[in-house]
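One letter stands for each residue in the lines below.
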Amino acid sequence: MTTTPPPRTPLGSLPPREHLRLGQSATVLDVVIPVHNEERDLEPCVRRLREHLARTFPYGFRITIADNASTDRTPDVAARLDDALDEVTAVRLEQKGRGRALRTVWSLSEAPVLAYMDVDLSTDLNALLPLVAPLISGHSDLAIGSRLSRSARVVRGPKREFISRMYNLILRGSLAARFSDAQCGFKAIRGDVAERLLPMVEDTGWFFDTELLVLAERAGLRIHEVPVDWIDDPHSTVHIVRTAADDLKGVWRVGRALATGGLPLDRLVRPFGDDPRDRELTGVPGGLARQLVGFCVVGGLSTLLYLALFSLFRLGVGAQLANAAALLVSALANTAANRRLTFGVRGRDRAVRHQAQGLVVFAIGLVLTSGSLAALDAAGGTASHGTELAVLVAANLAATVLRFLLFRAWVFPDRERRDDLTTAPHPSHDRNDLTRNGLTRNDLTRSAR
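Below: a short report on this structure. (Residues numbered from 1 in each chain as written. Predicted model: local features only at pLDDT ≥ 70, side-chain atom pairs only at ≥ 80, totals over all residues. Heavy atoms only, no water.)

1. Quick look at the overall build of the chain
1) Next: Across its full length, the chain holds 15 helices and 9 strands.
2) Next: Burial statistics for the chain: of 449 residues in total, 47% are counted as buried.
3) Next: Counting contacts in the chain only where the partners sit at least 6 residues apart, residues at least 24 apart contribute 80% of the total.
4) Next: Surface summary for the chain: the accessible area is close to 21,400 Å², and the carbon and sulfur share equals 59%. (Helix = DSSP H or I, 4+ residues; strand = E, 2+ residues; numbered from the N terminus. Buried < 20%, exposed > 50% of the residue type's maximum accessible area, 1.4 Å probe, protein only. Contact = heavy atoms within 4.5 Å. Areas by Shrake-Rupley, 256 points an atom, 1.4 Å probe, with all protein chains shown as cover.)

2. Some thoughts on the packing of aromatic side chains
1) Next: Using the criterion set out here, one finds 10 aromatic pairs in the structure.
2) Next: Grouped by ring-pair contacts, the aromatic residues Phe295, Phe343, Phe404, Phe407 and Phe412 constitute a single cluster.
3) Next: The ring centre of Trp230 lies 4.9 Å from the NZ or CZ of Arg147, which sits over that ring. (Phe/Tyr/Trp six-rings, centres within 6.5 Å; stacked < 30°, edge-to-face > 60°. Lys NZ or Arg CZ within 6 Å of the ring centre and 35° of its normal.)

3. Considerations on the sheet that holds strand E2 (residues 61–68)
1) Next: Across the sheet, 7 strands lie side by side as E3-E2-E1-E4-E7-E5-E8; this open sheet has mixed pairing. The strands lining the two open edges of the sheet, one partner per strand, are strand E3 (88–93) and strand E8 (223–227). Ignoring strand direction, the axes of neighbouring strands in this sheet form an average angle of 20°.
2) Next: In this sheet, strand E7 (residues 186–190) lies alongside strand E4 (residues 113–117) in antiparallel orientation, the contact comprising 5 bridges. Counted as the bridge partner of Tyr116 is Lys187 from E7.
3) Next: Contacting E4, strand E5 (142–146), E7 and E8, helix H7 (residues 208–218) crosses the sheet at an angle of about 130° to E5. (Pairing = 2+ DSSP bridges. Axes fitted to C-alpha atoms, helices over the stretch in contact; angles between N-to-C directions.)

4. Things to note about the pairing of E4
1) Next: Where burial is concerned, most of E4 is hidden: 5 out of the 5 residues are buried.
2) Next: Burial of E4 is two-sided: the residues Val113, Ala115 and Met117 facing one way and the residues Leu114 and Tyr116 facing the other way are all buried.
3) Next: Bridge analysis of strand E1 (residues 29–35) against E4 gives 4 bridges, and the strand direction is parallel. Residue Leu29 lies in a different strand from E4, and its bridge partner there is Val113.

5. A look at the environment of Leu81
1) Next: On the secondary structure map, Leu81 appears in helix H2 (residues 74–84).
2) Next: On the basis of relative accessibility, which here comes to 1%, the residue Leu81 falls in the buried class.
3) Next: The spatial distance from the C-alpha of Leu81 to the C-alpha of Arg47 is 8.6 Å, given a sequence separation of 34 residues.
4) Next: Beyond its immediate sequence surroundings of up to four residues, Leu81 is in contact with Leu42, Glu43, Val46, Arg47, Ile65 and Val88.

6. Considering the packing of helix H11 (residues 319–342) against helix H13 (residues 385–411)
1) Next: Two numbers describe how H11 lies on H13: the axes approach to 13 Å, and their chain directions differ by 35°. Like other packed secondary-structure pairs, H11 and H13 cross with a definite hand, here right-handed. Across from Ala319, Asn323, Leu327, Asn334, Thr335 and Asn338 in H11, the residues of H13 making contact are Glu388, Leu392, Asn396, Arg403 and Phe407.
2) Next: By residue class, the composition of the contact of H11 with H13 is 4 nonpolar, 5 polar and 2 charged. (Left-handed = near helix turned anticlockwise from the far one by under 90°. Nonpolar A, V, L, I, M, F, W, Y, C, P; charged D, E, K, R; others polar.)

7. Brief notes about the pairing of E2
Along a regular strand, successive side chains alternate from one face of the sheet to the other.
1) Next: Within E2, 8 of the 8 residues are buried, which leaves it mostly tucked inside the rest of the structure.
2) Next: Going residue by residue along E2, you find Phe61, Ile63, Ile65 and Asp67 tucked away on one face and Arg62, Thr64, Ala66 and Asn68 tucked away on the opposite face as well.
3) Next: Two elements, E1 and E2, share 7 bridges in a ladder whose sense is parallel. Bridge pairing in E2 links Val32 to Thr64.
4) Next: Pairing geometry for E2 and E3, over 6 bridges, is parallel. Across the sheet, the residue bridging to Asn68 is Leu93, located in E3.

8. Topic: the pattern of salt bridges
1) Next: All chains considered together, the criterion is met by 17 salt bridges.
2) Next: For Arg47, the salt bridge is made with Glu43, and the minimal N-O distance between the two is 3.0 Å. Of the two residues, Arg47 and Glu43 both sit in helix H1 (residues 42–56), 4 residues apart, roughly one turn of that helix.
3) Next: The class for Arg47 is partly exposed, based on a relative accessible area of 39%.
4) Next: Judged by relative accessible area, Glu43 falls into the partly exposed class, the value being 22%.
5) Next: For Arg92, the salt bridge goes to Asp67, with nearest N and O atoms at 2.6 Å. Taken together, the residues span a long stretch of sequence, with Arg92 in strand E3 and Asp67 in strand E2 at a distance of 25 residues.
6) Next: Linked through salt bridges whose partners overlap, the residues forming this network are Arg98, Asp118, Lys187 and Asp209. (Salt bridge = Lys/Arg side-chain N within 4 Å of Asp/Glu carboxyl O.)

9. Focus on helix H3 (residues 98–108)
1) Next: Among the 11 residues of H3, 11 are classified as buried, and the element is accordingly described as predominantly covered.
2) Next: Within the sequence span of H3, burial applies to Arg98, Gly99, Arg100, Ala101, Leu102, Arg103, Thr104, Val105, Trp106, Ser107 and Leu108.

10. Regarding the nonpolar core
1) Next: In this structure, Trp106, Leu142, Leu171, Phe179, Ile189 and Leu212 are the most contacted members of the largest nonpolar core, which totals 41 residues.
2) Next: Secondary structure elements with two or more residues in this core: E3, H3, E4, E5, helix H5 (158–175), helix H6 (191–197), H7 and helix H8 (240–260).
3) Next: For this core, the element with the most residues is H7, which contributes 6 residues.
4) Next: If we ignore the near neighbours within four places in the chain, the residues touching Phe179 are Ile144, Leu171, Arg172, Leu213, Val214, Glu217, Ile223 and Glu225. (Core = buried A, V, L, I, M, F, W, Y, C linked by side-chain atoms within 4.5 Å.)

Bear in mind that shape data such as this cannot, by itself, settle questions of function.
Rendered as structure tokens:
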């Protein structure tokens with residue numbers, strides 16, 4: 001039979017997370033199994049998963065086989081399972097890529113909770129209910145299985161263990177990721193979150209997981225981690241070297257986009273904004289302490305950059321010109337860093353205006369520092385380079401206090417940051433990947449015949 005999907009909340013008015021109501025949807029959980037040339041493992045995997053869900057999962061569920069361009073008998077096995085088992089649906093994609101398969105099926109599914117797992121079932125299925133429970137309850141937005149958690153129990157060779165840990169160290173060092181295991185094939189996401197997050201994910205292969213998690217974490221979404229029992233599949237067909245190379249390219253691409261503000265992550269923050277830190281409370285300053293810490297860190301680094309540039313420019317030009325050039329370059333860097341890190345303004349909207357306002361603040365700092373140098377010259381005698389630096393440091397300290405006040409009250413006021421988060425439009429779905437495979441939502445709303 002065909003079930004009627006629950007109405008979707010409009011993109012601009014998504015409410016805070018809440019527990020899924022009983023009867024809200026006939027199919028609460030859609031577990032996707034992406035496969036490519038898995039004719040041997042597919043049927044035992046699906047039957048074992050279906051039996052486990054029927055025995056332990058208290059809500060309606062569906063298992064979706066996402067066959068991405070298999071060339072063996074996998075499509076025949078998937079079709080046979082689709083015909084034989086009421087809770088199983090088979091979807092065929094003509095292009096290869098795990099990320100493409102997941103994005104396609106997840107984007108079309110009407111289930112409020114979406115999950116996926118690898119066909120080899122390396123992860124113990126007893127972790128499935130703990131994985132999706134925080135999403136059903138409304139506590140979290142995404143959930144991942146972790147093989148690197150202290151309480152996880154893992155059996156695998158030293159080569160894969162080393163590669164996995166090194167990859168996660170790279171993510172922590174380059175993208176400041178806080179989740180512990182990016183590539184475990186055992187994840188879940190709320191449907192309303194996926195609806196907004198998936199259009200931002202570019203990768204269609206193995207890096208899809210990592211990109212999804214990094215964007216979610218940077219947007220302030222809550223990621224729940226479940227320690228898993230995991231046994232390595234010695235017959236895995238994953239090409240480790242090629243996958244690692246593709247992942248490193250993805251890390252570079254995402255890191256560059258984050259550094260340049262090329263990702264509109266502000267579109268994800270407020271729609272899910274039941275974060276208590278977003279609430280305005282009487283008598284509680286709005287992030288002043290955090291802003292001061294961020295401003296001091298950025299200011300310290302900017303001062304070091306300024307002094308280094310001044311010393312470099314001073315080798316070829318006079319003190320006044322060297323001061324102006326060094327202050328200009330460091331001011332541009334300081335405004336950009338404070339915009340993103342201290343005051344939390346993301347994206348390119350009003351970036352030029354912010355830099356122009358920052359240059360006005362720079363001009364005030366230039367007057368203070370140039371005036372101090374002029375006063376030093378007027379005092380008579382030839383000042384040493386060390387004396388010049390000492391005077392400039394004192395003048396910069398005074399300029400720094402004024403700069404913070406101007407940044408907070410004029411360049412990046414609280415009202416403007418709130419407007420950035422509450423009025424930014426949401427990204428629309430790109431349906432090219434979906435329609436080229438001849439798929440519609442009706443393909444995935446069938447639960448039982």
